[in-house]
Number of protein chains: 2
Amino acid sequence: MSVALLSTGEEVLTGETVDTNSAWLASSLWDVDVDVRFMCTVGDALSDLVDALGLAAARAPVVIMTGGLGPTEDDLTAEAVAMWAGVEREESAEALAQIEERYRARGRPISAANRKQAVVPVGSSVLENRWGSAPGFSLEFEGTTVFCLPGVPMEMKHMFAEWVVPGLTPLNPPTLVRMRTFGLAESRLQATVGALDLGDAVLGFRAHIPEVQIKLRFPSRTDPDQRKDVVGRVAGVLGPALYTIDGGDLAETVVAALSAQGQTLALAESCTAGMISSWVANVPGVSSVLMNGFVLYSNESKVQLLGIPESLLAEHGAVSEPIARAMAEHARAKSGTDWGVGITGIAGPGGGSDAKPVGTVHIAVAGPAGVVHRHAVIPGDRMQVRLRAAGAVLHLLHCQLG
Amino acid sequence: MSVALLSTGEEVLTGETVDTNSAWLASSLWDVDVDVRFMCTVGDALSDLVDALGLAAARAPVVIMTGGLGPTEDDLTAEAVAMWAGVEREESAEALAQIEERYRARGRPISAANRKQAVVPVGSSVLENRWGSAPGFSLEFEGTTVFCLPGVPMEMKHMFAEWVVPGLTPLNPPTLVRMRTFGLAESRLQATVGALDLGDAVLGFRAHIPEVQIKLRFPSRTDPDQRKDVVGRVAGVLGPALYTIDGGDLAETVVAALSAQGQTLALAESCTAGMISSWVANVPGVSSVLMNGFVLYSNESKVQLLGIPESLLAEHGAVSEPIARAMAEHARAKSGTDWGVGITGIAGPGGGSDAKPVGTVHIAVAGPAGVVHRHAVIPGDRMQVRLRAAGAVLHLLHCQLG
């Protein structure tokens, strides 16, 4: 099975917005063993839309089109699909009923513009949109099925799962196992995991700084025990780089582990300057776990707020193992938490030296059994150094949580 | 002048990576008054590449192709362009010399795979790559010029500016004015700014949560005084929502203003939990400005670390005007800084009530002239609420800085 993706809208062609829908669709289609053959973006002109539909339909038996279902003049998807298939348009009683119901529930009248959203090509199947006002539709023409979904990501994602996936995938969809890793480059993961006997699993990746996600896609026929064997083999070569199977990101995984153990956390950040706190705090329900965060960008703040001895700073410098250890210990002690972390480093572009080049970071985790420390020189620009350093802290904490 | 963009690589079609190159190119082309007519992505198969080149060339006189210039087997751009144009390939002495020079400078030998990167279609112009190992090239065929650039964003951006832009734009390129705004929705900006007499300027937008950037593109013929009039007219309707013309983002603008005045900042964050500190700290050279950050996720931490009176918390609740004001004042006093900010709110999805729904935030800025406070109910999911709240804090601080 293969698919072509067609996204519409002048705002993509002018660079006003980034087309994240296509990347999300491509990844989600890979997960259910459907190939994307072709991706294409055109503006709102009717002739361009009809042209692009022809191109997409010539390249795959299924086309997923996003955008152009809104109430305004430049929303021309229904008109373009009708023209491409050589059919008329009509108001769908089903679509109109859905729109009316949605507006009634909100106590709002339905306008002529909204009513336009019920007009679809003759012969379409209406795809209900319970997450927004624009119903979608699908139409089959000369062996190609076109699914038309809204461009609003949240609506598009729900409707894709509800209406498109069941029509694309076999009765027995594949099983996907997601293994999230930190600390190994994608090229190295490709080499080591790719060299293993993966049975009938297909290997995929998803890169999202600072982590790399490994995806194993098993056909439904694969025996669960066999699947377990393969996952175990991959886990074996990943070692501690693997931090969760089918779980959330580093922050979600750490917060879940701390919550499960009823434990608490305090952070002392210098070069990351609140990035780790902010990341952890994006996990709903984190308030039982995250107690204090200290952003200690200056030497004075390290002394005044955390009580780090000035002599230690003078002797070793702010970016050093003793300071990272002291930050973790003092954050923990001052906050009365089970865990404390400390991080200090040089994010760049300035501030580096031969002894401590840009990217140098010292991280420490203080816990019930003592303090552990790691040191690294992280490549990349200022933002990348900070993101990877934040990941390294959470990964080290995760390892200590066991 | 119009252009078609062609990006290549299986990793985009499988959703492994997001194609940010196309969005960047689209925005940069808009800035120099070049229309993008068509964007398309295909995988690494030679036949798909040749097919896509044909589609792109039929739709615009200039094609910009990214990716497929590397040293590996699946880097087939030179082969595809040669096949599309019906020419042979040859090793370019110019390209080889550039590659050899680069490797020599690093004291590394050049491999057979690297040498392959010097092979281009006969008749090509080599485009020097001073930022990476793969030279690009351009080729004209039947009225279409194809520019082939590396897929690595940093290399692509430099080479686009150096080799593509001069060939695309007229002798007198347009002048771009970027006006960065916070606090007004894009639809409202479109309506109010779009209704003004903009002379011969073309209006564009770039949305990047939590800000919206307005772009005014003036033809080179526009008189500077006339340009000033138009910019002034737009600034007039934007009011305080406009925070910079041709400057950096909110954090860069605030840090620049504080630096210029030799002033310092401390932050006390609850719902944003370090996001503002982290954002501010991504500005290089921030260490003379950012002193302390307090992440106060719990009531206890507000009391213990900042000395907020328990009675105040008991009387008003943590998400309230008095607590935001106290956080700003205490952060400033405890840190001895010129400015202190406080933010407390309900990011969701849980924790809301009728009186304080999800999205409720109270923010305060304490400075030499006293404390100002704002209150808002921000729409969106947890991350959006936090991003917009962080923007609101920096915007309020910017307004106070004058």
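Here the structure is a predicted model, which means the values were calculated and not measured.

Student: I keep staring at the sheet that holds strand 10 (residues 202–208) of chain B and nothing clicks. Help me out?
Tutor: Sheet strands associate in pairs through backbone hydrogen bonding, adopting either a parallel or an antiparallel arrangement. Residue and element names in this part refer to chain B. The sheet built from 4 strands is open, its strands ordered 10-11-9-12 with antiparallel pairing. Of all the strands in the sheet, just strand 10 and strand 12 (242–245) have a single pairing partner and so form its edges. Shown here is a sheet whose adjacent strand axes are inclined to one another by a mean of 25°, direction ignored. Looking at chain direction, strand 9 (residues 175–182) and strand 11 (residues 211–218) are connected through 8 bridges and run antiparallel. Along strand 11, the bridge assignment pairs F182 with E211.

Student: I keep staring at the pairing of strand 1 (residues 2–8) of chain B and nothing clicks. Help me out?
Tutor: When a strand is regular, its side chains alternate between the sheet's two faces. Residue and element names in this part refer to chain B. Across the 7 residues of strand 1, 6 count as buried, placing the element largely inside the fold. In this sheet, strand 3 (residues 62–66) lies alongside strand 1 in parallel orientation, the contact comprising 5 bridges. Looking at strand 3, one finds that L6 is bridged to M65.

Student: Would you explain the domain arrangement of chain A in this entry?
Tutor: Frequently, the measure chosen for interface size is the accessible area that the parts lose on association. Residues and elements named next belong to chain A. Domain assignment breaks chain A into domain 1 (2–168), domain 2 (175–245) and domain 3 (250–401). Each of domain 2 and domain 3 has a C-alpha centre, and these two points are 29 Å apart. Counting residues at the interface gives 8 residues for domain 2, matched by 9 residues for domain 3.

Student: What am I meant to see in the nonpolar core here?
Tutor: Note that soluble globular proteins tend to have their nonpolar side chains buried in a common cluster. Within the largest apolar cluster, 116 residues are counted, with the highest numbers of intra-cluster contacts made by V341(A), V393(A), V341(B) and V393(B). Apart from the residues within four sequence positions on either side, V393(A) is in contact with I276(A), V341(A), I343(A) and I363(A).

Student: Before we go on, may I ask you to explain the sheet that holds strand 17 (residues 370–377) of chain B in this structure?
Tutor: Here 10 strands make up an open sheet; going across it, the order is 17(A)-16(A)-15(A)-13(A)-14(A)-14(B)-13(B)-15(B)-16(B)-17(B) and the pairing mixed. The sheet is open, and its two borders are formed by strand 17 (370–377) of chain A together with strand 17 of chain B, each paired with just one other strand. Direction aside, the axes of adjacent strands within the sheet are offset by 10° on average. As judged from the 8 bridges shared by strand 16 (residues 360–367) of chain A and strand 17 of chain A, these two strands associate in the antiparallel manner. Looking at strand 17 of chain A, one finds that A366(A) is bridged to V371(A). Across the sheet, helix 15 (residues 382–401) of chain A touches strand 15 (339–345), strand 16 and strand 17 of chain A, and the angle it forms with strand 16 of chain A is around 30°. Packing of helix 12 (residues 299–306) of chain B onto the sheet brings it into contact with strand 14 (290–296) of chain A together with strand 13 (265–269) and strand 14 (290–296) of chain B, and relative to strand 14 of chain B it is tilted by some 145°.

Student: What exactly am I supposed to notice about the relation of the copies chain B and chain A here?
Tutor: One copy of the chain maps onto the other through a rotation about an axis followed by a shift along the same axis. Least-squares fitting of chain B to chain A yields an RMSD of 0.1 Å, with the transformation described by 0.1 Å of translation along the axis and a rotation of 180°. Taken together, the turn and the small shift mark the pair as related by a two-fold rotation axis. When the interface residues of chain B are mapped onto chain A, 98% of them again lie at the interface, so the same face is used by both copies.

Student: What is the right way to look at the interface of chain B and chain A in this model?
Tutor: Each partner contributes to the interface: chain B provides 49 residues, whereas chain A provides 48 residues. For the side of chain B that touches chain A, the elements supplying multiple residues, two or more each, are helix 1 (10–13), helix 2 (20–31), strand 2 (35–42), strand 10, helix 11 (275–280), strand 14, helix 12 and helix 15 (382–401) of chain B. Of the residues belonging to the side of chain B that touches chain A, the class tally is 26 nonpolar, 18 polar and 5 charged. Pairing analysis gives 5 bridges linking strand 14 of chain A to strand 14 of chain B, with the strands arranged antiparallel. Directly across from G293(A), in strand 14 of chain B, lies its bridge partner V295(B).

Calculation rules
Residues numbered from 1 in each chain as written. Chains lettered and ligands numbered in written order. Predicted model: local features only at pLDDT ≥ 70, side-chain atom pairs only at ≥ 80, totals over all residues. Pairing = 2+ DSSP bridges. Helix = DSSP H or I, 4+ residues; strand = E, 2+ residues; numbered from the N terminus. Axes fitted to C-alpha atoms, helices over the stretch in contact; angles between N-to-C directions. Buried ≥ 20, exposed ≤ 12 C-beta atoms within 10 Å, placed from the backbone. Domains from an automatic or database assignment. Contact = placed C-beta atoms within 7 Å. Core = buried A, V, L, I, M, F, W, Y, C linked by C-beta atoms within 7 Å. Least-squares fit on C-alpha atoms with pLDDT ≥ 70 in both. Nonpolar A, V, L, I, M, F, W, Y, C, P; charged D, E, K, R; others polar.

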